[in-house]
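Chain residues, written in single-letter form:
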Amino acid sequence: MNDRTENEKGAPPNAEHSSTENPNTDRHSPEYGFRNKKGEWRPPYPCAYAPLFTWPPKPLSVLKWGLSFPGFLWPWNSIYFLITLLTWFYFQPSLERCAEFHIGWISQMFLRNMVLLWLLSGGWHLLLYTWRLQGTKYKYDPKWQIKNKVFLWNNQVWDNIFWSCASGCTIWTAYEVLFMWAYANQLIPYLDWSTHPVYFILWLCLIPFWREFHFYWIHRAIHWKPLYRTVHYLHHKNVNPGPWSGMAMHPVEHLIYFSVLLIHWIVPSHPIHMLFNAQHTALTPAGSHHGFEGPVFNDKVPTGSYFHYLHHRYFKTNFGENTLPLDKLFGTFLDGLPENANSQEDLGNEIRSDAI
Ligand SMILES: [Zn+2]
Ligand SMILES: [Zn+2]
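Remember, it's a predicted structure, so these values are computed and weren't measured experimentally.

Visitor: Summarise the overall build of the protein chain; cite the residues concerned and give the values.
Guide: Across its full length, the protein chain holds eleven helices and two strands. Going from N to C terminus, the protein chain has its helices and strands arranged as β-β-α-α-α-α-α-α-α-α-α-α-α. Each of the 356 residues in the protein chain was classed as buried or not, and the buried ones make up 40%.

Visitor: Before we move on, could you go through the confidence of the model for the protein chain and cite the residues and values that matter?
Guide: Caution applies to low-pLDDT parts of the model: their predicted coordinates are not meant to be read in detail. Looking at the protein chain, the pLDDT average stands at 90 and 88% of residues meet or exceed 70. Contacts from residues 1-20, a stretch scored under 50 in pLDDT, to residues over four places away or in other chains number 42 contacts.

Visitor: Which residues make up the environment of tryptophan 153, and what are the values?
Guide: Structurally, tryptophan 153 is set in the loop between helix H3 (103-130) and helix H4 (156-184). Exposure remark for tryptophan 153: the 11 C-beta atoms within 10 Å place this residue in the exposed category. Excluding its chain neighbours within four sequence positions, the residues that come into contact with tryptophan 153 are Trp158 and Asp159.

Visitor: So what about helix H5 (residues 197-222)? Which residues, and what values?
Guide: For H5, spanning 26 residues, the distance from its first C-alpha to its last is 37 Å, which sits close to the expected 38 Å at 1.5 Å a residue. The axis of H5 is deflected most strongly, by about 35 degrees, at isoleucine 207, and proline proline 208 appears within four residues downstream. Within the sequence span of H5, burial applies to Trp203, Ile207, Pro208, Arg211, His214, Tyr216, His219 and Ile222. On the buried face of H5, the contacting elements are helix H2 (73-90), helix H6 (225-236), helix H7 (251-257), helix H8 (271-289) and helix H10 (326-329).

Visitor: Which residues make up the packing of H3 against H4, and what values do they have?
Guide: For the pair H3 and H4, the least separation of the axes is 9 Å and the interaxial angle reads 130 degrees. When the interaxial angle is binned, H3 and H4 end up oblique. In terms of crossing hand, the pair formed by H3 and H4 is right-handed. Residue-level contacts link Ile106, Met109, Phe110, Asn113, Met114, Leu117 and Ser121 of H3 to Ser164, Cys165, Cys169, Trp172, Thr173, Glu176 and Val177 of H4.

Visitor: Explain the packing of H4 against H8 to me, using residue names and the numbers behind them.
Guide: Running from N to C, H4 and H8 cross one another at 175 degrees; their axes reach a closest spacing of 11 Å. Our classification of the angle between H4 and H8 gives roughly antiparallel. Residues Gly168, Trp172, Tyr175, Glu176, Phe179, Met180 and Tyr183 of H4 form the contact with H8, whose own contacting residues are Pro271, Met274, Leu275, Ala278 and Ala282. The class makeup of the residues in the contact of H4 with H8 is ten nonpolar, one polar and one charged.

Visitor: Give a description of unusual backbone geometry that names residues and reports values.
Guide: Look at the link from phenylalanine 69 to proline 70: it is a cis peptide, with omega at -5 degrees. Relative to the elements of secondary structure, proline 70 occurs in the loop between helix H1 (59-67) and H2. Even without glycine at this site, phenylalanine 315 takes up a positive phi of about 70 degrees. Of note, phenylalanine 315 is situated in the loop between helix H9 (306-314) and H10. A positive phi angle, close to 50 degrees, is found at asparagine 318, a residue other than glycine.

Visitor: Requested: an account of the environment of histidine 290, with residues and values cited.
Guide: Among the secondary structure elements, histidine 290 is positioned in the loop between H8 and H9. In sequence terms histidine 290 and glycine 304 are 14 residues apart; their C-alpha atoms lie 6.7 Å from each other. Setting aside its immediate chain neighbours within four residues, histidine 290 contacts Trp124, Leu128, Gly242, Pro243 and Gly304.

The rules behind each value
- Residues numbered from 1 in each chain as written.
- Chains lettered and ligands numbered in written order.
- Predicted model: local features only at pLDDT ≥ 70, side-chain atom pairs only at ≥ 80, totals over all residues.
- Helix = DSSP H or I, 4+ residues; strand = E, 2+ residues; numbered from the N terminus.
- Buried ≥ 20, exposed ≤ 12 C-beta atoms within 10 Å, placed from the backbone.
- pLDDT = per-residue confidence, 0-100.
- Contact = placed C-beta atoms within 7 Å.
- Expected span 1.5 Å × (residues − 1).
- Bend = angle between axes of the 7 residues up to and from the residue.
- Axes fitted to C-alpha atoms, helices over the stretch in contact; angles between N-to-C directions.
- Parallel < 35°, antiparallel > 145°, perpendicular 65-115°, else oblique.
- Left-handed = near helix turned anticlockwise from the far one by under 90°.
- Nonpolar A, V, L, I, M, F, W, Y, C, P; charged D, E, K, R; others polar.

Dropping the structure here:
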């Protein structure tokens with residue numbers, strides 16, 4: 001989710017940006033933001049980090065970021081947590097049943113996850129790409145998804161759906177099944193929420209940070225050329241991503257990506273923590289890949305990740321997300337589309353040419 005608190009007040013994006021053009025900051029204007037010669041759109045403000053690690057500290061900004069709308073809690077993390085609660089109370093086979101592997105409860109979990117994936121990825125696709133309720137307003141790349149021979153069946157959407165469902169949903173479910181079985185057999189530390197309510201809530205709030213930390217490092221690792229060429233290239237075929245691109249990964253990448261859950265093998269957690277972590281990992285990519293800057297739908301629904309779009313565009317920048325300043329720390333942060341971005345070979349062309 002975007003948060004522009006740190007320097008949204010018109011601080012210029014980094015060096016590559018020309019200062020010859022004044023940004024149109026009137027959101028009601030059809031010319032809001034910038035469009036370059038290729039028709040690529042970018043917002044009139046740079047990508048910015050959440051105000052968590054600023055010096056001197058800004059406690060009021062942190063509070064605002066945490067509690068305001070849109071912010072850390074509202075709406076998306078609360079929606080994902082609500083999904084987890086509904087899952088746990090209404091759609092999760094009882095732990096007693098999970099003590100032994102059985103096709104019945106395992107297929108129930110697989111089906112449930114498939115429904116969730118279609119609700120989120122399919123939902124964004126339906127609204128933004130099938131019905132096109134937003135048109136191309138705030139769409140980073142003016143093109144719609146393409147027919148191209150780099151994709152299965154020459155079709156980006158079908159290719160993305162295939163990898164998300166066949167590999168993504170299967171490996172996601174396999175991790176959850178393993179953990180439910182481990183909880184049922186008391187093989188891993190179990191946290192009781194009535195005896196440790198504060199720890200329960202604290203750990204829940206930390207999970208999105210842990211996810212981002214884990215994602216940054218595994219993402220750097222799969223950009224190592226041998227892994228990139230054999231595994232991560234598949235996700236990067238989506239230079240112009242859509243909602244289904246988020247979980248379109250090679251099975252080995254899914255295995256690495258969902259290893260974020262292994263922390264529950266060590267850190268005492270309730271199954272709700274594990275489910276929240278798993279669903280956050282599986283469902284948030286739809287919102288960060290749909291290719292639009294939020295808020296969408298008459299400026300009402302906050303969503304989108306320009307930060308991650310830039311990674312798909314440039315490959316060698318923005319490996320993490322915009323809460324923990326890891327890219328900034330390690331020199332891989334790009335805060336916006338350069339003014340002179342007329343060619344997709346501006347940055348990262350060496351790796352990109354491996355991808356397609
Ligand atoms: Zn991506
Ligand atoms: Zn990547």
